[in-house]
Amino acid sequence: SNPGRRASPVIGFQSVPLQLAEDFDRVVVAEGYEAKPFFSWGDPVVDGAVAWRADGQNTWQEQQLQAGQNHDGMAFFPFADAPNDHGLLVINHEYTNDTLHPQGPTLTRSADGRLLRPADEVRKEQMAHGVSVIEIRRDARGEWQRIFPSRYNRRLTMHTPMQLTGPVAGTEWVKTRDDPTGLQVLGTLNNCSMGKTPWGTYLVCEENWHNYFVNRNTQDWQARTSHRRHGIATGAHSSKYCWESVDPRFDATPHPDEPHQGYVNEPHRFGWVVEFDPFDPLAIPQKRTALGRYARECATLSLAQDGRVAIYSGDDTRGEYIYKFVTEAAYQPAQPLTNRQLLDNGTLYVARFNEDGSGDWLPLVQGQGGLTVRNGFFTQADVLVNTRAAADILGATPMDRPEWVAVDPHSREVYVTLTNNIERGIKTDQPLNAANPRCENHHGQILRWREQGDNPTAIQFTWEIFLLAGKTDSPEVPHNERGTIIGDVFSSPDGLWFDADGRLWIETDFDDGEEPYTRMGTNQLLCANTDTREVKRFLVGPRGCEITGLTATPDGKTLWLNIQHPGLSYPASDGKTRPRSTTVVVTKRDGGVIGS
Ligand code: FEO
Ligand code: CA
Ligand code: CA
Ligand code: CA
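Sequence order as written defines the numbering, with residues in each chain counted from 1. Chain letters start at A and ligand numbers start at 1, both assigned in the order the entries are written. Whole-chain, interface and lining totals are the exception, using all residues; otherwise, since this is a predicted model, local features are given only for residues with pLDDT of at least 70 and side-chain atom pairs are given and counted only at 80 or more. In computing side-chain properties, one takes all heavy atoms of the structure into account and sets aside hydrogens as well as water.

Peer 1: Explain the overall build of the protein chain to me, please; I cannot follow it from the model alone.
Peer 2: Helix and strand counts for the protein chain stand at 7 helices and 34 strands. Computation of the radius of gyration draws on C-alpha atoms alone. For the globule rule, the value is 2.2 Å times the number of residues to the power 0.38. The C-alpha atoms of the protein chain give 23 Å as radius of gyration, which agrees with the globular expectation for 596 residues (25 Å, within 12%). In terms of principal-axis extent, the alpha carbons of the protein chain reach across some 65 × 60 × 55 Å. For each residue, the accessible area found with a 1.4 Å probe, counting protein chains only, is set against the maximum for its type, and the residue is called buried under 20%, exposed over 50%, and partly exposed in between. Within the span of the protein chain, comprising 596 residues, buried residues form 61% of the whole. Here, residues are in contact when the closest pair of their heavy atoms is within 4.5 Å. Contacts in the protein chain between residues far apart in sequence, at least 24 positions, make up 63% of those at least 6 positions apart. For the protein chain, the accessible area works out to roughly 22,000 Å², and carbon and sulfur atoms hold 49% of it. Here the positive residues are Lys and Arg and the negative ones are Asp and Glu; neither His nor the chain ends is included. All charge positions are set by atom: Lys at NZ, Arg at CZ, Asp at CG, Glu at CD. For the protein chain, the distance from the average position of its 59 positive side-chain charges to the average position of its 77 negative side-chain charges is 1 Å. Helix and strand definitions follow DSSP, with helices as H or I runs of at least four residues and strands as E runs of at least two, each counted in order from the N terminus. Exposure was quantified through the Shrake-Rupley algorithm and a 1.4 Å probe, taking into account, for residues, occlusion by the shown protein chains and nothing else.

Peer 1: I tried to follow the coordination of the calcium ion (ligand 4) on my own but got confused; where do I start?
Peer 2: For a metal with four tetrahedral donors the ideal donor-metal-donor angle is 109.5 degrees, while six octahedral donors give ideal angles of 90 or 180 degrees. Water is not among the atoms examined, so metal sites may look incomplete; donors are the N, O and S atoms within 2.8 Å of the metal, or within 3.2 Å for Na, K and Ca. Donor atoms from the polypeptide that bind the calcium ion (ligand 4) are Glu546 (OE) and Gln564 (OE1), placed at 2.1 to 2.4 Å. The metal-metal distance between the calcium ion (ligand 4) and the calcium ion (ligand 2) comes to 5.4 Å. In this pair, glutamate 546 is assigned in strand 32 (residues 546-552) and glutamine 564 in strand 33 (residues 558-564), connecting sequence segments 18 residues apart. Among the residues examined, glutamine 564 registers a relative accessible area of 1% and is labelled buried.

Peer 1: Would you mind showing me how to read the coordination of the calcium ion (ligand 2) here?
Peer 2: Around the calcium ion (ligand 2), the protein contributes the donor atoms Glu297 (OE), Glu403 (OE), Asp494 (OD) and Asp494 (OD), which lie 2.3 to 2.6 Å from the metal centre. Within one chain, the residues donating to the calcium ion (ligand 2) are spaced in sequence as E-x105-E-x90-D. Here the calcium ion (ligand 2) and the calcium ion (ligand 3) are spaced 3.8 Å apart, with glutamate 403 acting as a shared donor. Of the two residues, glutamate 297 sits in the loop between strand 17 (286-288) and strand 18 (300-303) while glutamate 403 sits in strand 23 (residues 402-407), which places them 106 residues apart along the sequence.

Peer 1: Teacher, can you tell me more about the layout of surface pockets here?
Peer 2: Unoccupied space between atoms shows up once a probe the size of one water molecule is rolled over them. Think of a 1 Å grid over just the protein atoms. A cavity is a set of points where a 1.4 Å probe fits yet cannot get out, a pocket is an open set with protein on both sides within 12 Å along at least five of seven lines, and lining residues have an atom within 4 Å of a point. Grid points are joined across faces, edges and corners, and a volume is the space filled by probe spheres set on the points. When its volume is computed, the largest pocket comes out at roughly 1,100 Å³. Lining the largest pocket are 40 residues, with Lys196, Leu301, Val407, Trp497 and Phe498 positioned closest to its centre. Taken together, the elements giving at least two residues each to the lining of the largest pocket come down to strand 3 (71-78), strand 12 (191-196), strand 18, strand 23, strand 28 (493-498) and strand 32. Each residue belonging to the lining of the largest pocket can be placed in one class, and the counts come to 27 nonpolar, 9 polar and 4 charged. Taken as a whole, the second largest pocket spans an internal volume of roughly 850 Å³. The wall of the second largest pocket is formed by 48 residues, among which Tyr95, Lys240, Asp509, Asp511 and His565 lie closest to the centre. Of the residues contributing to the lining of the second largest pocket, the split by class is 12 nonpolar, 17 polar and 19 charged. Under the convention adopted here, Pro, Cys and the residues Ala, Val, Leu, Ile, Met, Phe, Trp and Tyr are nonpolar, Asp, Glu, Lys and Arg are charged, and Gly plus all remaining residues are polar.

Peer 1: For this particular structure, what's the right way to read the nonpolar core?
Peer 2: It is characteristic of soluble globular proteins that their nonpolar side chains tend to be buried jointly. In this description, a nonpolar core means a group of buried Ala, Val, Leu, Ile, Met, Phe, Trp, Tyr and Cys residues linked to one another through side-chain atoms lying within 4.5 Å. Membership of the largest hydrophobic core comes to 50 residues, with the highest contact counts inside it found for Leu189, Ile311, Val350 and Leu364. Of all the secondary structure elements, the ones that give two or more residues to this core are strand 13 (202-206), strand 19 (309-314), strand 20 (322-327), strand 21 (346-353), helix 6 (380-385) and helix 7 (387-394). At 4 residues, helix 6 tops the list of elements feeding residues into this core. Those residues in contact with valine 350 that lie beyond four places of it in its chain are Tyr321, Ile322, Tyr323, Asp360, Trp361, Leu362, Leu364, Ala391, Leu394 and Ala396. Counting residues in each nonpolar core, the second largest holds 27 residues, with Phe24, Tyr33, Leu525 and Leu550 among its members.

Peer 1: Looking at this model, I keep getting lost on the pattern of salt bridges. Mind explaining?
Peer 2: Within this document, salt bridges are pairs made up of a side-chain nitrogen of Lys or Arg and a carboxyl oxygen of Asp or Glu, the two lying within 4 Å of each other. Under the definition given, this model contains 41 salt bridges. Measuring nitrogen to oxygen at the nearest pair gives 2.5 Å for the salt bridge that ties arginine 117 to glutamate 125. With relative accessibility at 3%, the residue glutamate 125 sits in the buried group. As a salt-bridge pair, arginine 543 and aspartate 512 come within 3.8 Å of each other at their nearest N and O atoms. Of the two residues, arginine 543 is situated in the loop between strand 31 (534-540) and strand 32 and aspartate 512 in the loop between strand 29 (504-508) and strand 30 (524-528); the sequence distance between them amounts to 31 residues. Judged on exposure class, the residue arginine 543 and its partner aspartate 512 are both buried. Look at the salt bridges and you will find they share partners, linking Arg229, Asp315, Glu320, Arg388 and Asp392 into a network.

Peer 1: I would appreciate a short explanation of the sheet that holds strand 10 (residues 161-165) in the present structure.
Peer 2: Strands belonging to one sheet form pairs held by backbone hydrogen bonds; the direction of such a pair is parallel or antiparallel. The sheet built from 6 strands is open, its strands ordered 11-10-17-16-13-12 with mixed pairing. Edge positions in the open sheet fall to strand 11 (184-186) and strand 12, since each of these has one partner strand only. For this sheet the average axis-to-axis angle between neighbouring strands, irrespective of direction, equals 35°. If DSSP finds at least two bridges between two strands, the strands pair. Inspection of the sheet shows strand 10 paired to strand 17 by 3 bridges, in the parallel sense. The residue bridging threonine 165 from the neighbouring strand is arginine 288, located in strand 17. Simply put, an axis is a line fit to the C-alpha atoms, just over the touching stretch for a helix, and the angle between two N-to-C directions goes from 0 to 180 degrees.

Peer 1: Just checking my understanding: could you explain the pairing of strand 20 for this structure?
Peer 2: Regular strands show a simple pattern: their side chains alternate between the two faces of the sheet. Counting buried residues in strand 20 gives 6 out of 6 residues, a clear majority hidden from the surface. Alignment of strand 19 against strand 20, held across 5 bridges, turns out to be antiparallel. If you follow alanine 310 over to strand 20, its bridge partner there is valine 326. Pairing geometry for strand 20 and strand 21, over 5 bridges, is antiparallel. Each bridged residue has a counterpart across the sheet, and for threonine 327 the counterpart in strand 21 is glycine 346.

Peer 1: Quick question: what am I supposed to make of the side chain of glutamate 423 here?
Peer 2: Positionally, glutamate 423 belongs in the loop between strand 24 (414-418) and strand 25 (445-451). For glutamate 423, a relative accessible area of 18% translates into the label buried. Of note is the side chain of glutamate 423, whose polar atom sits 3.1 Å from the side chain of glutamine 430. Non-local contacts of glutamate 423, meaning those with residues more than four positions away in its chain, are made with Arg318 and Gln430. N or O atoms closer than or at 3.5 Å make up a polar contact, with two conditions inside protein: a donor-capable atom paired with an acceptor-capable one, and, for residues adjacent in sequence, both atoms drawn from side chains.

Peer 1: I'm lost on the pairing of strand 19 in this one. Help?
Peer 2: Counting buried positions over the 6 residues of strand 19 gives 6, a clear majority of the element. Taking every second residue as pointing to the same face, both faces of strand 19 are buried, with Val309, Ile311 and Ser313 on one and Ala310, Tyr312 and Gly314 on the other. The sheet contact formed by strand 18 and strand 19 spans 4 bridges and is antiparallel. In the strand pairing of strand 19, leucine 303 is matched with valine 309. Hairpin geometry of strand 18 and strand 19 is characterised by an intervening segment of 5 residues between the two adjacent antiparallel strands and by a positive phi of about 95° at glycine 307.

Peer 1: Would you mind going over empty space enclosed by the protein with me for this structure?
Peer 2: Summed over the entire model, instances satisfying the criterion amount to 1 cavity of 30 Å³ or more. By volume, the largest cavity is sized at about 60 Å³. Around the largest cavity sit 10 residues that line it, and Arg6, Ser8, Asp408, His410 and Thr530 are the ones nearest its centre. For the lining of the largest cavity, the residue count by class is 2 nonpolar, 4 polar and 4 charged.

Interpretation note: all reported values are geometric properties and have no functional meaning in isolation.
In structure tokens form, the structure reads like this:
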């Protein structure tokens, strides 16, 4: 057997069955466990916050102090003196739902046909994005409680001042009418998954930021790779949320008469990793441009023997790539302040998965491998703002929507979810290949790789498919829907996380009411043994939700996960209250380790 690998830990629970009922509106967890709603959209966070209103009438000023919507990636930061009983829970709020407003969003049309939004609604949506930091503690009965008020509790929103750092900071790429320095950004957007550093900071990832911008000048848009390659709206189209109708910085149409052409560069100020220290409520979040700009799903760390840090990320769009950033300097446990600069210098790589099971990390460095002046890359900032276009030139492998990356704590093997890709084998720029082997891929797959020498900073690796998700292999199942799962079936893996013992936890995100998913039940949390590849279903969520965000106490005895955008009335589950994205706390009734 493999020397770097220890035997996989026991997965001791009994599988939970699929939930097929259309009105299924609860969370069901394996027998012997308890799963309770813990923190929902609208719950008070910052001192002065008022209670959530079930009629959607909370104002934007109230929303600013309450939990946002669409809880996604999160992490638990323990206090050193009681690490399993007291800590900060940091939770991303990815985007907003129609439930934010009393009767859904209001859309009207101007005389020239443009969509318009009320300013108060837009402001409320902006305040429901970002991050919550909440202090939490176990009480005398052992129950987890949210501490309110707390000096640590904090909301980051679309209006929180943040700082750009690294090679792109202060360049022409990021100067706007409001910020001629190119150093100060307001807010963070579409915060999907995350990362956590050994030096005590949280990494917020900016995923589908392109949905918030429009460049009305189609000719300019066509020529501007940094807009077009990301699918920013253009022409007569509005952005998905139509914020530009009342907030001009989301209109990225160039205005040559204005300083820095207005807001044409505003979209370049999103798509980054944002780092902040949750224990410092006044810390200004830092957007780390050295890591590149794309629709970043996650930022998963792996520490090398020499102290350098590798950060793995997926670009979750059909046919996009997997990246790794390696810091130039080493992490120094005794130098906490030095570590705060680590992410500003390093090398960004993109993955090529060769057909023979080998793989290469291709450096995205100006002047190398075609990233030259001749091809329009004059500086490293040009490469980082246009990460996708640079990766195209290097010949990276287009993947089936890379979502989360997880690193085995014992073997340091790396796992990634490729959630699904209905364009695979259909669009000519996404041909079938060994790593993305199914045409019109509805169910996704999980890949794993081993870096050469088990060194996270290596530039070569070997990879294999860990499993193909999908239905049980049988003649009536279409070929492209057949999975290779040993155990409980699932579709569209998204969240992926190793617990400290080495259990691999898998979270799903598929459209549970739609074909071809109607027989796959509601979304789920599953647990896999990486030696035997056996998969067991641990928890199922209510109809309409995605299961995401996974973190635990250091002893593994408390687990938190997120129920994102439930469809019916969860967590009230009374058939009438509007649904709320919710963090759920899971414990084992006998007080044991989750999954054991
Ligand atoms: Fe926000 Fe790719 O999930
Ligand atoms: Ca995701
Ligand atoms: Ca997803
Ligand atoms: Ca989602």
